[in-house]
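Listed here are the chains, written in short residue letters.
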Amino acid sequence: MREVEPARRTALVDEVARFVRSHPTVDLPEALDERFRWLVTYQGELHRAGLAVPSWPTEFGGRGVPISEAIIILEELGKARSPELINFVAVEVLAPDLIAFADRQQLREWLPRMASADEIWCQLFSEPDAGSDLASLRTRAHRVDDGWRITGRKVWSTWAQFADRGMLLARTGPTDSRHRGISAFVIDMRQPGIEVNPLVTMTGASEFAEVTFDDVPVDADGLIGEVDRGWAVTLHVLANERGPYALRRAAMLRAAMASVPERARGVDHTRTRASVIDAYIAMWLLDRRISQVADDIQTGQPVGEGAPITKMSLTDAEQLIFDAAHALLGPHGVVGPDDLGWVEGWLYSRAASIYGGSAQVQRNIIGERLLGLPPEPHPR
Ligand SMILES: Cc1cc2nc3c(=O)[nH]c(=O)nc-3n(C[C@H](O)[C@H](O)[C@H](O)COP(=O)(O)OP(=O)(O)OC[C@H]3O[C@@H](n4cnc5c(N)ncnc54)[C@H](O)[C@@H]3O)c2cc1C
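Residues numbered from 1 in each chain as written. Predicted model: local features only at pLDDT ≥ 70, side-chain atom pairs only at ≥ 80, totals over all residues. Heavy atoms only, no water.

The next point concerns the overall build of the chain. Scanning the chain from terminus to terminus reveals 13 helices and eight strands. Here the C-alpha coordinates of the chain stretch approximately 70 × 50 × 45 Å along the principal axes. Within the chain, residue pairs in contact and separated by at least 24 positions form 74% of the contacts whose partners lie at least 6 positions apart. If you sum the accessible surface of the chain, you get close to 18700 Å²; carbon and sulfur atoms cover 52% of it. Separation of charge centres in the chain, based on 41 positive and 53 negative side chains, amounts to 3 Å. (Helix = DSSP H or I, 4+ residues; strand = E, 2+ residues; numbered from the N terminus. Contact = heavy atoms within 4.5 Å. Areas by Shrake-Rupley, 256 points an atom, 1.4 Å probe, with all protein chains shown as cover. Lys, Arg positive; Asp, Glu negative; His and termini not counted. Charge placed at Lys NZ, Arg CZ, Asp CG, Glu CD.)

Both the distance between ring centres and the angle between the ring planes are used here to describe each pair of aromatic rings. Taken as a whole and judged by the stated rule, the model has 11 aromatic pairs. On the basis of an interplanar angle of 15° and a centroid distance of 3.8 Å, the ring pair of F36 and F162 is categorised as stacked. Here the residue F36 occupies a position in helix α2 (residues 32–48), and F162 occupies one in the loop between β3 (147–158) and β4 (165–171), the gap between them amounting to 126 residues. Neither F36 nor F162 differs from the other in exposure class; each is buried. Judged by centre distance (5.3 Å) and plane angle (65°), the rings of W148 and F185 are edge-to-face. (Phe/Tyr/Trp six-rings, centres within 6.5 Å; stacked < 30°, edge-to-face > 60°. Buried < 20%, exposed > 50% of the residue type's maximum accessible area, 1.4 Å probe, protein only.)

Attention now goes to the nonpolar core. Within the largest apolar cluster, 104 residues are counted, with the highest numbers of intra-cluster contacts made by L98, I150, F185, I187, M189 and F213. Residues in contact with M189, not counting those within four places in the same chain, are C122, L124, A160, A163, D164, R165, G166, I194, V196, V211 and F213. (Core = buried A, V, L, I, M, F, W, Y, C linked by side-chain atoms within 4.5 Å.)

Let us now look at the packing of helix α1 (residues 6–22) against helix α3 (residues 67–79). Running from amino to carboxyl end, α1 crosses α3 at an angle of 40°, the nearest separation of the two axes being 9 Å. Accordingly, the angle class assigned to the pair α1 and α3 is oblique. Handedness of the crossing formed by α1 with α3: right-handed. Of α3, the residues touching α1 (which contributes R8, R9, L12, V13 and V16) are E69, I72, I73, E75, E76 and L77. (Axes fitted to C-alpha atoms, helices over the stretch in contact; angles between N-to-C directions. Parallel < 35°, antiparallel > 145°, perpendicular 65-115°, else oblique. Left-handed = near helix turned anticlockwise from the far one by under 90°.)

For the chain, the assigned domains are domain 1 (6–86), domain 2 (121–229) and domain 3 (243–370). A C-alpha centroid distance of 30 Å is found between domain 2 and domain 3. On the domain 3 side, the residues contacting the four residues of domain 2 number six residues. Together, the buried faces of domain 2 and domain 3 total about 480 Å²; carbon and sulfur atoms form 72% of this surface. Joining domain 2 to domain 3, the criterion identifies zero salt bridges. Seen at the junction of domain 2 and domain 3, the total is one residue pair in polar contact (both at pLDDT 80 or more). Grouping the constituent residues of the side of domain 2 that touches domain 3 by class yields one nonpolar, two polar and one charged. (Domains from an automatic or database assignment. Buried area = accessible area lost by both parts, 1.4 Å probe. Salt bridge = Lys/Arg side-chain N within 4 Å of Asp/Glu carboxyl O. Polar contact = N/O pair within 3.5 Å; in protein donor to acceptor, adjacent residues only side chain to side chain. Nonpolar A, V, L, I, M, F, W, Y, C, P; charged D, E, K, R; others polar.)

Turning our eyes to something else, we now look at the site of the ligand. Near the ligand, the surroundings consist of 18 residues, among which S126, S132, W156, S358 and Q360 are the closest. Q123 is positioned such that a nitrogen or oxygen atom in its backbone is 2.8 Å from a nitrogen atom of the ligand. Within the side chain of Q360, one N or O atom sits 2.8 Å away from an oxygen atom of the ligand. Surface burial for the ligand is 71%, taken as the share of its 970 Å² of free accessible area covered by protein chains. Of all the secondary-structure elements, those providing two or more residues to the shell around the ligand are β3 and α13 (359–370). A class-by-class count of the residues in the shell around the ligand yields eight nonpolar, 10 polar and no charged. (Near = heavy atom within 4 Å.)

Printed below as a string of structure tokens:
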């Protein structure tokens, strides 16, 4: 990764420190609505300070800094336990895809509002019977005079209950057209015909929802990319979700890992110590991977090929770090208090081997596409 000159590094560190001093870490409100509103305001302030999307082009609300400098900002925010961007699906997962497929005028309208969290976006890909096998999705878009009408059901849609817009995959080809008959749309989520039912997870939060669409209109210019060619758009989104997204998540994990060894020093329990060492190794490996991802972004390399490796490194680090943290808590891991956020982190870390594509599926992709191993047998 490109070196950042010491003086520049110091300036960035100071800049984040100033922001953090004026926005000290607080206990987030318990009630989800209040917590959500707090985090929206926080992202807005982070954005106004130029720290939410520093590497985005200025035209779209960023400040155009190289990725190596953006990583310093992320690291410093992570150390200060700055909360994750509430609009992370928009910023990390969908925006890079829109930059590749949407037109400039749409980008100028959408991206700054994503960055400031003035507009919350959700990702409407997974369905009750189409998760790993996304190409079997059944939500349908049919053409009408002025655009499209959407009917179907999505699930696992993060923050859909608060979303203003969503990126949605729907079938536009024949029923059995698989990935050849899928199109991608941007849909206004504040319309009649959309019903959103939040689902409660084991962390106690309702982070995602089931969403049904009953003949919901989308304008013609809501189509992203070409009709029936939405699979290219999908692959781009998945590559970002499995690759560059890890940059921001890794900063949070690095900060969590930093407090683990200190707590482990007095521990005389072989399995717990082994778990701390495994966590340290996983974080070390994730850091190496992150450097590679940053290099790829900086040199304009496609991020897709190594994305499943990045996703697996992230999954391992997230689960092993919180396993170690949880082991160190002993009985407090069950009954609290959770002042370091380790219990919530441990519960959430179970999702790391599912979100963005399950660990088994990432392994299949690595085996089949990168190593040329024989494909998994498919039951017929
Ligand atoms: C926290 C979280 C947030 C999410 N946010 C979103 C979101 O915002 N938008 C969205 O669209 N989706 C979202 N998802 C959904 C996520 O992408 C899917 O859960 C994931 O792709 C797996 O799909 P599934 O749940 O349908 O499981 P399934 O595909 O039914 O898989 C079930 C099990 O079978 C295994 N399996 C399936 N196929 C194979 C195979 N070929 N070989 C080996 N094993 C296999 C899987 O690994 C898994 O263990 C989110 C998920 C989580 C956990």
